Amino acid sequence: GTSYADVRMAEREVRSPAVPAPHALVAFNGPSLARFGPAVVPGGVIVYDDSLVSEAPALSAEVRVFPVPCSRIAHDLGRTAVKNVVALGALHAATRLFPDETYLAAIRQARADKRALLPVNEQALRRGVHVVVGTPGRVIDHLDKGTLDLSTLKTLVLDEGDEMLRMGFIDD
């Protein structure tokens, strides 16, 4: 089945469990993305597992959407249970909410009783930070808005590049 969880970060005590308009969403399946994606506020961030969500619903152009192959990366690491940490890495890359060390410290604390799992969790976090998947149009849109930094880009895979050239996007 599908389950949902809300996580709130605030400087003061959070008194209400309801978040009708979240600033960030991490979705691991289509029903979650369809149900909660439209509620994300303009300027917000959506990270979803495109290993499991084959077709994303129409989402606001005012929301930054990052499809990330969380399950595939976790599988490649040999531990499917770390897909959530891959997603956390991607969310971190998209928001830069906290310094890198904050996430690593949280993982180390959460896995203090299972030290053997620390390396794969740390790898999962780093792999999530280094993956951005987007259509050429969406990537160009993020570059134009300044919401995507490619200054440390090592590898670029441009799907349908020949089609873009044929359609007249050579300047882009």
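For the structure, check the block above.
Here's what I pulled together on the structure shown here. Computed from a predicted model, the values in this text were never measured in an experiment.

The rules behind the values
Sequence order sets the numbering: in each chain, residues are counted from 1 along the sequence as written. Local features in this predicted model are restricted to residues whose pLDDT is 70 or higher, and side-chain atom pairs enter the listing and the counts only when it is 80 or higher, whereas totals over whole chains, interfaces and linings include all residues. Only hydrogens and water are set aside when side-chain values are computed; all heavy atoms of the structure are taken into account. Two aromatic rings from Phe, Tyr or Trp, using only the six-membered ring of Trp, form a pair when their centres are within 6.5 Å; if the ring planes differ by under 30 degrees the pair is stacked, by over 60 it is edge-to-face, and anything between is tilted. To qualify as a helix, a DSSP run of H or I must reach at least 4 residues; to qualify as a strand, a run of E must reach at least 2; elements of each kind are numbered from the N terminus. By this rule, a helix spans an expected 1.5 Å times one less than how many residues it contains. By the convention used here, residues are in contact when the closest approach between their heavy atoms is within 4.5 Å. Burial classification: accessible surface area is computed with a 1.4 Å probe over protein chains only, and a residue below 20% of its type maximum counts as buried, one above 50% as exposed, and the rest as partly exposed. Only strands joined by at least two bridges in the DSSP assignment are considered to pair. As a rule, the C-alpha atoms of each element are fitted with a line to give its axis, helices using only the stretch in contact, and angles between N-to-C directions run from 0 to 180 degrees. Geometric relationships in this document are graded by angle, where less than 35 degrees denotes roughly parallel, more than 145 denotes roughly antiparallel, 65 to 115 denotes roughly perpendicular, and other angles denote oblique. Crossings are assigned a handedness: left-handed for a near helix turned anticlockwise from the far helix by less than a right angle, right-handed for a clockwise turn. Gly counts as polar in this scheme, as do all residues outside two lists: the nonpolar Ala, Val, Leu, Ile, Met, Phe, Trp, Tyr, Cys and Pro, and the charged Asp, Glu, Lys and Arg. What makes a salt bridge here is a side-chain nitrogen of Lys or Arg within 4 Å of a carboxyl oxygen of Asp or Glu, nothing more.

**Concerning the packing of aromatic side chains**
How two aromatic rings sit relative to each other is given by the distance of their centres and the angle of their planes. Tallying each qualifying case throughout the model produces one aromatic pair. Their ring planes at 65° and their centres at 6.0 Å tell us that Phe98 and Tyr103 sit as a pair that is edge-to-face.

**Comments concerning helix α3 (residues 83-95)**
Here α3 spans 18 Å end to end across 13 residues, near enough to the 18 Å set by a 1.5 Å rise per residue. The inward-facing, buried residues of α3 abut β1 (24-27), β2 (45-49), β3 (64-68), α2 (70-76), α4 (100-110) and α5 (118-129). Looking one or two residues past α3, Arg96 carries a phi angle of roughly 50°, positive in sign.

**Structural notes on the environment of Val53**
Within the secondary structure, Val53 sits in the loop between β2 and β3. Assessed through its relative accessible area of 5%, Val53 is described here as buried. Sequence spacing of Val53 and Pro67 is 14 residues, and the spatial spacing of their C-alpha atoms is 8.8 Å. Setting aside its immediate chain neighbours within four residues, Val53 contacts Phe28, Asn29, Gly30, Leu33 and Tyr48.

**Quick notes on the side chain of Asn121**
Note that Asn121 resides in helix α5. Not counting the four nearest positions on each side in its chain, Asn121 is found in contact with Val82, Val85, Ile107 and Arg111.

**Some words on unusual backbone geometry**
One non-glycine residue, Arg96, adopts positive backbone phi at about 50°. Mapped onto the elements of the fold, Arg96 is located in the loop between α3 and α4.

**Side note on the pairing of β3**
Counting buried positions along β3 gives five out of five residues, so the element sits mostly inside the fold. Alternating positions in β3 separate into two faces, Arg64, Phe66 and Val68 on one and Val65 and Pro67 on the other, with burial throughout. Sheet analysis places β2 next to β3, joined by five bridges and oriented parallel. Its bridge partner lying in β3, Ile46 is registered against Val65.

**Brief notes about the sheet that holds β1**
Read across the open sheet, the three strands follow the order β1-β2-β3; overall the sheet is parallel. Strand pairing shows two members of the sheet lacking a second neighbour, β1 and β3, which therefore form its edges. Along the sheet, successive strands turn relative to each other by an average axial angle of 10°, direction set aside. Lying on the sheet, α3 is in contact with β1, β2 and β3; it crosses β2 at an angle near 150°.

**Notes on the packing of α4 against α5**
As a packed pair, α4 and α5 sit with axes 10 Å apart at the nearest point and diverge in direction by 150°. Considering their axes alone, α4 and α5 lie roughly antiparallel with respect to each other. Like other packed secondary-structure pairs, α4 and α5 cross with a definite hand, here right-handed. Between α4 and α5, the contacting residues are Tyr103, Leu104, Ile107 and Arg108 on the first element and Leu118, Asn121, Glu122 and Leu125 on the second. Of the residues belonging to the contact of α4 with α5, the class tally is five nonpolar, one polar and two charged.

**So, the pattern of salt bridges**
By the definition in use, this model includes three salt bridges. Note that Asp100 is salt-bridged to Arg96, the shortest N-O span being 3.2 Å. The exposure class of Asp100 is partly exposed, given its relative accessible area of 46%. Notably, a salt bridge pairs Arg108 with Glu101, separated by 2.9 Å at the nearest N-O pair. The exposure class of Arg108 is partly exposed, given its relative accessible area of 31%. In this structure Glu101 comes out as partly exposed when scored by relative accessible area, which is 45%. What you see here is one network of salt bridges that share partners, running through Glu101, Arg108 and Glu122.

Geometric values such as these leave the question of function open.
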